[in-house]
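Summary of structural features
Letter by letter, the chains look like this.
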Amino acid sequence: MQNTRERYQKNIENRLLIPTMQFLHREKSSGIVLAVFVLIALLLANSPLRDEYSHLLEHHLGFIVDGQPFLNYSIEHWVNDGLMSMFFFVVGLELKREFIGGELCNARKVMLPVMAAFLGMLFPALIYLLLNAGTPEAQGWGIPMATDIAFALAVVYALGDRVPISAKVFLTTLAIVDDLGAVLVIALFYTSHISLGNLALGVLFLGIMFLGNRLGVKNVVFYGVLGIGGVWIAFLTSGIHATISAVLAAMVIPADSHIPEATFLARMRKLTRLFEKAESNDVRTLEPEQVRILTRVKKDSLQAMPPLQRLEQSMHPMVSFVIMPIFALANAGVSFVDMDLSALFTNNVALGVLFGLLFGKPLGVLFAVWLTEKTGLGKRSRTMTWRIVAGLGFLASIGFTMSMFVTMLAFNGADHLVQAKIGIFAASLLGGAIGYLLLSRPQEKG
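For clarity, every value in this text was computed on a predicted model and none was experimentally measured.

What follows concerns the overall build of the protein. A count of helical and extended segments in the protein gives 16 helices and two strands. Taking 446 residues into account, the globule formula puts the C-alpha radius of gyration at 22 Å, and the protein, at 24 Å, falls close to it. In the protein, buried positions account for 47% of the 446 residues. When contacts within the protein are restricted to residue pairs at least 6 apart in sequence, those whose partners lie at least 24 apart make up 82%. As presented, the protein carries roughly 22,500 Å² of accessible surface, and 65% of it is formed by carbon and sulfur atoms. Between the mean site of the 35 positive side-chain charges and the mean site of the 31 negative ones, the protein shows a separation of 13 Å.

Time to look at the packing of aromatic side chains. Using the criterion set out here, one finds 12 aromatic pairs in the structure. Between Phe400 and Phe425 the ring centres are 5.9 Å apart and the planes differ by 20 degrees, which places this aromatic pair in the stacked class. Highlighted residues: Phe400 in helix H15 (residues 400-410) and Phe425 in helix H16 (residues 414-440), separated in sequence by 25 residues. Across this residue pair, the class does not change: Phe400 and Phe425 are buried. Clustering of aromatic rings is evident, with ring pairs tying together Phe87, Phe88, Phe327 and Phe405. Here Arg380 stacks its cationic end above the ring of Trp386, 4.1 Å away from the centre of that ring.

Attention now moves to H15. The element H15 is largely enclosed, with a buried count of 10 among its 11 residues. Listing the buried residues of H15 in full gives Phe400, Thr401, Met402, Ser403, Met404, Phe405, Val406, Thr407, Met408 and Ala410.

Considering every residue of the protein, the mean pLDDT works out to 85; 91% of them sit at 70 or more. No element of the protein has a lower mean pLDDT than helix H1 (residues 2-45), which averages 65, and none a higher one than helix H13 (residues 349-374), which averages 95.

Topologically, Leu438 is positioned in helix H16. If we ignore the near neighbours within four places in the chain, the residues touching Leu438 are Arg387, Ala390, Gly391 and Phe394.

Let's shift gears to the nonpolar core. In a soluble, globular protein the nonpolar side chains are often hidden away together inside. Counting 106 residues, the largest nonpolar core has Phe88, Phe89, Phe170 and Phe400 as the members making the most contacts within it. In terms of residues, this core owes the most to one element, helix H6 (residues 165-189), which gives 11 residues. Phe88 has contacts with Val183, Ile186, Thr243, Ala246, Val247, Met402 and Phe405, leaving out every residue within four places of it along the chain. Counting six residues, the second-largest nonpolar core is a separate cluster that includes Phe264, Leu271, Ala278 and Ile293.

Reading the values: the criteria
- Residues numbered from 1 in each chain as written.
- Predicted model: local features only at pLDDT ≥ 70, side-chain atom pairs only at ≥ 80, totals over all residues.
- Heavy atoms only, no water.
- Helix = DSSP H or I, 4+ residues; strand = E, 2+ residues; numbered from the N terminus.
- Rg over C-alpha atoms; globule rule 2.2 N^0.38 Å.
- Buried < 20%, exposed > 50% of the residue type's maximum accessible area, 1.4 Å probe, protein only.
- Contact = heavy atoms within 4.5 Å.
- Areas by Shrake-Rupley, 256 points an atom, 1.4 Å probe, with all protein chains shown as cover.
- Lys, Arg positive; Asp, Glu negative; His and termini not counted.
- Charge placed at Lys NZ, Arg CZ, Asp CG, Glu CD.
- Phe/Tyr/Trp six-rings, centres within 6.5 Å; stacked < 30°, edge-to-face > 60°.
- Lys NZ or Arg CZ within 6 Å of the ring centre and 35° of its normal.
- pLDDT = per-residue confidence, 0-100.
- Core = buried A, V, L, I, M, F, W, Y, C linked by side-chain atoms within 4.5 Å.

The structure is reproduced here in structure tokens:
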């Protein structure tokens, strides 16, 4: 009986703690790289190279088809609609994996962070709207809703064992749900005029990908060609933001493997025995028979991994350490040279973003946890004190990447862009610092 209980406990640790720590380690590293490129962008925007920096982003790249420009966009546009689509594709893969067998597969267990994510998005939007109601600037209400996973979890990781694992799982789940909320907000409220023909074409390609999934097609090239050459281009030219196509494409990627686990284990045992019996030599190179066996091991290992997880594992480093830094380099450059500080407050964009993130996020998270416990829908673990909950709420106010992305969709004017970015920077720095201080010395539960 004891052994059974120990095996069960170990299985829980493997399914929950280990993936969470791996996720935290990855996000911590990417958060550091992202911060470096934010600083580089700020330095370039405030250096003698600021004009060259700005003109480079305005340079257009595209194609000429029958004398007409096709997919002809500025470099900044390619970054925000092209490279960021890859970011959202990985987000979609992570969301699907979490819904199938991760932290979002059991609604009862995740009610607390899900509610915290929901009210943590609602409160900031309401605060922004209260400050900008009845003005053209009200369209920026989606900016303070987002949480930046990389930066928030980088702070948590820096605190080490001072933050209990329950808090880390809570923030990870909140951030994942927050990403889903951001995707829905962009899809429903930040789209331009829609071309129904191109949209229908995109849906058709999406349907072909779904059909391929149902028929058992596991070839990632098949999904890559249809996803990029079909779904993404069709959505990009339809008026619906191209990043939405990336999330939808991710949702139809197969989540089951070509070789079941039991079959894979049987093959590995057989190949291991064959490798042990194969004739060896006294030099560093292998015999041809050994190489053939290892080649079969490699092939079977690849087929035993679901395409969804294969793509996620292969793309995440590129997204974290290449695409996100490029996005920061293209969008975080705010010039303070000759800036008229009084112009920041000609409207309430900066204040709406600042107060929405810095106060709306922690208030939403705290109220959500209190409400969920009062209604009996969820309960905190023993290690989740109110001080820790508040600290996590302030870390959730770090909204850099997604908030910056929504800013580019909500506003076109240079003044509005600067005002929103200043609000994001201020809230993220203050929220991160307050969250760090609260979590560095957690209270006893009481």
